[in-house]
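Residue strings, one per chain:
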Amino acid sequence: MSRFLIATARPMFGASAVCGAQSSIAERILSAPFAVLATWGERLKQRATLAEMDDRMLQDIGVDRSVARAEADKPFWTA
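Read on for a plain summary of the structure.

Cut-off values and rules
- Residues numbered from 1 in each chain as written.
- Predicted model: local features only at pLDDT ≥ 70, side-chain atom pairs only at ≥ 80, totals over all residues.
- Heavy atoms only, no water.
- Helix = DSSP H or I, 4+ residues; strand = E, 2+ residues; numbered from the N terminus.
- Expected span 1.5 Å × (residues − 1).
- Buried < 20%, exposed > 50% of the residue type's maximum accessible area, 1.4 Å probe, protein only.
- Arc of directions from axis to C-beta.
- Contact = heavy atoms within 4.5 Å.
- Phe/Tyr/Trp six-rings, centres within 6.5 Å; stacked < 30°, edge-to-face > 60°.
- Axes fitted to C-alpha atoms, helices over the stretch in contact; angles between N-to-C directions.
- Parallel < 35°, antiparallel > 145°, perpendicular 65-115°, else oblique.
- Left-handed = near helix turned anticlockwise from the far one by under 90°.
- Nonpolar A, V, L, I, M, F, W, Y, C, P; charged D, E, K, R; others polar.
- Patch = residues over 30% accessible without salt bridge, like charges linked within 9 Å, V, L, I, M, F, W, Y side chains within 5 Å.
- Areas by Shrake-Rupley, 256 points an atom, 1.4 Å probe, with all protein chains shown as cover.
- Salt bridge = Lys/Arg side-chain N within 4 Å of Asp/Glu carboxyl O.

Quick notes on helix 2 (residues 25-52)
Piece 1. A rise of 1.5 Å per residue sets the reference length of helix 2, with its 28 residues, at 40 Å; its end C-alpha atoms lie 41 Å apart and thus fit the reference within 8%.
Piece 2. Within the span of helix 2, buried status applies to Glu27, Ser31, Thr39, Arg43, Gln46, Arg47 and Leu50.

Structure follows, in structure tokens:
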């Protein structure tokens, strides 16, 4: 089910966000909590969407109802 949980962590501010320059240690330390929160928010959204899918939609993506329910019931902080 990890294919539903694609997390992308990108720098949120500073030169590294603008021009692709290597980020400083301070930027990485400050941006880490935002990346975690963004990942958690995305998981929450994806799991809610998965829980709302009907059997036809689940069949289209090749997921059984029980597997979808198990994934949707996971807490947002669990991958």
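A closer look at helix 4 (residues 65-72)
Residues spaced three or four apart along an α-helix face the same direction, because each turn holds 3.6 residues.
Piece 1. Those residues of helix 4 lying buried are Ala68, Glu71 and Ala72. Down the axis of helix 4, the smallest arc covering the buried residues is 95°, so these residues share one side.
Piece 2. In the core, the buried residues of helix 4 are packed alongside helix 2 and helix 3 (55-60).

Side note on the packing of aromatic side chains
Piece 1. Counting across every chain of the model gives two aromatic pairs.
Piece 2. Consider the rings of Trp40 and Phe76, whose centres lie 5.2 Å apart with planes at 65°: the pair is edge-to-face. Of this pair, Trp40 sits in helix 2 while Phe76 sits in the segment after helix 4, and the two are 36 residues apart along the sequence.
Piece 3. Residue Trp40 is classed as partly exposed on the basis of its relative accessible area of 30%.
Piece 4. Taken together, a centroid distance of 5.0 Å and an interplanar angle of 85° make the contact between Phe76 and Trp77 edge-to-face.
Piece 5. Among the aromatic residues, those joined into a ring-pair cluster are Trp40, Phe76 and Trp77.

Examining the environment of Glu42
Piece 1. Its place among the elements puts Glu42 in helix 2.
Piece 2. Note: C-alpha distance between Glu42 and Phe76 (34 residues apart in sequence) is 8.6 Å.

Some points on the packing of helix 2 against helix 4
Piece 1. At a minimum axis separation of 9 Å, helix 2 and helix 4 run at an interaxial angle of 150°. With respect to each other, helix 2 and helix 4 are oriented roughly antiparallel. Seen from above, helix 2 lies across helix 4 with left-handed handedness. Every residue of helix 4 that contacts helix 2 at Arg47, Leu50 and Ala51 is listed here: Arg65, Ala68, Arg69, Glu71 and Ala72.
Piece 2. Looking at the contact of helix 2 with helix 4 residue by residue, the class counts come to four nonpolar, no polar and four charged.

Focus on a nonpolar patch on the surface
Piece 1. A cluster of nonpolar residues, Val36, Leu37, Trp40 and Trp77, forms a patch on the protein surface that exposes about 410 Å² of accessible area.
Piece 2. Counting through the fold element by element, Leu37 comes out in helix 2.
Piece 3. On the accessibility criterion, Leu37 (54% relative accessible area) is exposed.

So yeah, pure geometry; function would need other evidence.
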